[in-house]
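Residues per chain, in single letters:
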Amino acid sequence: QVHLVESGGGSVQSGGSLRLSCAASGYTQSSYCMGWFRQAPGKEREGVARIDTDGITYADSVKGRFTISRDNGKNNLYLQMHSLKPEDTAMYYCAAEWDTVLGDWTYWGQGTQVTVST
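Quantities reported herein were computed from a predicted structural model and do not represent experimental measurements. (Residues numbered from 1 in each chain as written. Predicted model: local features only at pLDDT ≥ 70, side-chain atom pairs only at ≥ 80, totals over all residues. Heavy atoms only, no water.)

Visitor: For the packing of aromatic side chains, give the residues involved together with the corresponding values.
Guide: For the structure on display, the rule yields 3 aromatic pairs. Between phenylalanine 37 and tryptophan 108 the ring centres are 5.2 Å apart and the planes differ by 55°, which places this aromatic pair in the tilted class. With phenylalanine 37 in strand β4 (residues 34–39) and tryptophan 108 in strand β10 (residues 104–108), this pair connects stretches of sequence that are 71 residues apart. Ring centres of tryptophan 98 and tryptophan 105 lie 5.8 Å apart, and the angle between their planes is 75°; on these two criteria the pair is classed as edge-to-face. On the accessibility criterion, tryptophan 98 (38% relative accessible area) is partly exposed. (Phe/Tyr/Trp six-rings, centres within 6.5 Å; stacked < 30°, edge-to-face > 60°. Helix = DSSP H or I, 4+ residues; strand = E, 2+ residues; numbered from the N terminus. Buried < 20%, exposed > 50% of the residue type's maximum accessible area, 1.4 Å probe, protein only.)

Okay, here's the thing in structure tokens:
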């Protein structure tokens with residue numbers, strides 16, 4: 001059973017940087033895809049970045065500023081964020097293993113808050 005725990009969130013000024021981490025315990029399937037998502041108050045959850053065997057994809061809003069990566073053991077997922085903007089303020093979640101039958105991700109973390117001030 002996979003358990004995901006995010007960390008690294010906090011409050012930063014515009015233009016600053018943060019590095020989010022997602023520790024995945026019990027993550028033994030190297031073929032699992034993983035991704036980062038975020039949700040701001042009053043808005044729907046949106047995909048931020050995704051990594052799998054096919055490559056890496058980013059939302060247009062973060063392309064060029066955010067970098068997603070995994071460690072060699074594939075037990076940790078990272079999101080390096082640069083040039084942060086106030087509109088990046090949201091709760092950030094990591095997820096693993098897309099289920100095509102359910103149409104959703106199998107595993108979710110608890111989330112970590114990112115707040116960007118002017």
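Moving on from the model shown.
Visitor: Describe the side chain of arginine 38, listing the residues and the values that go with them.
Guide: If you trace the backbone, arginine 38 turns up in strand β4. Among the polar contacts listed, one links the side chain of arginine 38 to the side chain of serine 61, at a separation of 3.4 Å. In this view, arginine 38 contacts Glu44, Arg45, Glu46, Val48, Ser61, Val62, Phe66, Glu87, Asp88, Ala90, Met91 and Tyr92; residues no more than four positions away in its chain are not counted. (Polar contact = N/O pair within 3.5 Å; in protein donor to acceptor, adjacent residues only side chain to side chain. Contact = heavy atoms within 4.5 Å.)

Visitor: Break down the state of the cysteines for me, citing the residues and quoting the values.
Guide: Counted under the stated rule, the structure contains 1 disulfide. Between the sulfur of cysteine 22 and that of cysteine 94 lies a disulfide, 2.0 Å long from S to S. Disulfide cysteine 22-cysteine 94: the torsion about the S-S bond is 55°, which places it as right-handed. A residue pair is termed long-range when its members are at least 10 positions apart, and cysteine 22 in strand β3 (residues 18–25) and cysteine 94 in strand β9 (residues 90–99) qualify at 72 residues. Just as cysteine 22 is buried, cysteine 94 falls in that class too. Unpaired in this structure, cysteine 33 has its nearest cysteine sulfur neighbour in cysteine 94, at a distance of 12 Å. (Disulfide = S-S within 2.5 Å.)

Function cannot be read off these values alone, since they describe shape.
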